[in-house]
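Listed below, chain by chain, are the residues.
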Amino acid sequence: MAGGQTRGLTAGKAVQFTTIKARLCPTQAQAELFEKTFGCCRYIWNRMLADQQRFYIETDKHFIPTPAKYKNEAPFLREVDNQALIQEHNKLSQAFRVFFKNPECFGPPKFKKKKTDKDSFTACNHKFESGPTIYITKDGIRMTKAGIVKAKFPRRPRNGWKLKRITVEKTKSGKYYCYILYGYEVKTPEAVAPAPETTLGLKYSMGHFYVADNGETADPPHWLRQSYEKIVKIQRQLNRMQPGSKNYLDTVQKYRALHEHIANQRKDFIHKQSSRIANGWDAVCVRDDSMRDVSQKKILPGNALDSGFGMFRECLRYKLARQGKTLIVVDRAALTTRTCSACGFVRNDRPHQKGAWACPKCGARQDREVNAAKNIKAMGLDQYFNQEAARKSA
Ligand SMILES: [Zn+2]
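Computed from a prediction, not measured in an experiment: that's the story for all the values here.

Draft legend 1. Structural view of the overall build of the protein chain. Along the protein chain, the regular secondary structure elements total seven helices and 16 strands. Projected onto the principal axes, the alpha-carbon positions of the protein chain cover approximately 75 × 60 × 55 Å. Restricting to contacts in the protein chain with at least 6 residues of sequence separation, those with at least 24 account for 64%.

Draft legend 2. Focus on the packing of helix H4 (residues 246-280) against helix H6 (residues 309-321). Closest axis-to-axis distance for the H4/H6 pair is 9 Å, and the angle between their directions is 40°. The pairing of H4 with H6 is recorded here as oblique in orientation. Judged by the sense of rotation from one axis to the other, the crossing of H4 with H6 is right-handed. On the side of H4, the interface is formed by Ile270, His271, Gln273, Ser274, Ser275, Ile277 and Ala278, while H6 contributes Met311, Phe312, Cys315, Leu316, Lys319 and Leu320. Within the contact of H4 with H6, the residues separate by chemical class into eight nonpolar, four polar and one charged.

Draft legend 3. Summary view of the pairing of strand S11 (residues 199-205). Judged by how many residues are buried, S11 sits mostly within the fold: seven of seven residues are covered. Burial of S11 is two-sided: the residues Thr199, Gly201, Lys203 and Ser205 facing one way and the residues Leu200, Leu202 and Tyr204 facing the other way are all buried. Where S11 meets strand S13 (residues 283-287), three bridges bridge the pair, whose relative direction is parallel. Residue pairing for S13: glycine 201 is matched across the bridge by cysteine 285. The sheet contact formed by S11 and strand S12 (residues 209-212) spans four bridges and is antiparallel. Within S12, the residue paired with lysine 203 across the bridge is valine 211. The hairpin formed by S11 and S12 contains three residues between the paired strands.

Draft legend 4. Structural detail: the domain arrangement of the protein chain. Along its sequence, the protein chain is organised into domain 1 (4-187) and domain 2 (196-393). For domain 1 versus domain 2, the separation of C-alpha centres amounts to 31 Å.

Draft legend 5. Looking closely at the nonpolar core. With 33 residues, the main nonpolar core has Leu202, Tyr210, Val284, Cys285, Leu316, Ala373 and Ile376 as its most contacted residues. Setting aside chain neighbours within four positions, we find leucine 316 in contact with Ser274, Ile277, Ala278, Val284 and Leu327.

Draft legend 6. Region of the structure containing the pairing of strand S9 (residues 162-170). When strand S3 (residues 119-124) meets S9, the two strands line up antiparallel, connected through six bridges. Across the sheet, residue aspartate 119 finds its bridge partner in S9, namely lysine 170. The pairing of S9 with strand S10 (residues 176-187) spans eight bridges and is antiparallel. Directly across from glutamate 169, in S10, lies its bridge partner tyrosine 177. Connecting the antiparallel pair S9 and S10 is a turn made up of five residues, with glycine 174 showing a positive phi of about 95°.

Draft legend 7. How the structure looks around unusual backbone geometry. A positive phi angle is found at aspartate 60, which is not glycine, with a value near 70°. Position of aspartate 60 relative to the elements: it lies in the loop between helix H1 (28-59) and helix H2 (82-101). Phi is positive for phenylalanine 209, which is not a glycine, with a value near 75°. Along the chain, phenylalanine 209 falls in strand S12.

About the cut-offs
- Residues numbered from 1 in each chain as written.
- Predicted model: local features only at pLDDT ≥ 70, side-chain atom pairs only at ≥ 80, totals over all residues.
- Helix = DSSP H or I, 4+ residues; strand = E, 2+ residues; numbered from the N terminus.
- Contact = placed C-beta atoms within 7 Å.
- Axes fitted to C-alpha atoms, helices over the stretch in contact; angles between N-to-C directions.
- Parallel < 35°, antiparallel > 145°, perpendicular 65-115°, else oblique.
- Left-handed = near helix turned anticlockwise from the far one by under 90°.
- Nonpolar A, V, L, I, M, F, W, Y, C, P; charged D, E, K, R; others polar.
- Buried ≥ 20, exposed ≤ 12 C-beta atoms within 10 Å, placed from the backbone.
- Pairing = 2+ DSSP bridges.
- Domains from an automatic or database assignment.
- Core = buried A, V, L, I, M, F, W, Y, C linked by C-beta atoms within 7 Å.

In structure tokens:
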């Protein structure tokens, strides 16, 4: 799996990031150290968060103590990589920054529980004269406290990639993975100006994942639906079993493995769709639909990708950006479904959920979703060119 983001687009050079996900095969001792590190990270997160809350109530000020403060009363923290603890401090600070900036969309940071939260830790690479603290070997990854951990790489870093940090994660089914983040310099891409014929309008769709203004849809693949049907079946089996019995535990394991499998399938689908579109079009227009509302709806087998649309949009954004292209986001209040894309007539009501409607003014027959995608594209391009004009005259 590869992801990338572009940052610092200045002076002709930019740094892009990409991730290699490697499967880890730790020794018994290394696995025990990982477990300890996961536990310490949760512990330090919860302690820092509790102190932040207390401090906030007492003084009305936001402050997070550093991990070093806790080491005397909790000496076991010294047994794990200090970098991982520092990263927890960074993550907590970041979670508060996001929350303060946009409290309506993001809740405040929560306490972590062993049962529900991911087992993971992150460590940054530091370069000393003696060499970097983290590096990869032919068949392993060298980490600060664990030493060289055996690993399988799906691909190798290219020349010039710099290892920035790693995240070690244990999945619910007990597998260990390492996400290795690399940074590399690229030339800033030339900005691509959109034209109507090279711009795609996309509407989020319950049934099709998205519908494009040219009528194209991304129908979630058959196998994704099948996986969901399987999961519903296992859930039903679990309901009938005696909790704690051997059968029950085996089935829980199966259930977790299938969940992971679906998450991977979904990610794969989203990456392929977003790459295809970002490579094929010069600009993409979408509506700023709140994905929070969407993901809070119950996920049914039929619309298995609901919660993936926010991720899809973000993938599109950075995949377009690294080619100098733009994702144009139209305001969520725009009347994209009610407006006739042929003549601009606006209906008083929303058209019926399914099927087509005939415009009372110009008589054009409009498929509900394709029509909306056409409007999103037209409104998006208008918005883009208005902003460009305003920028040039300023
Ligand atoms: Zn019309």
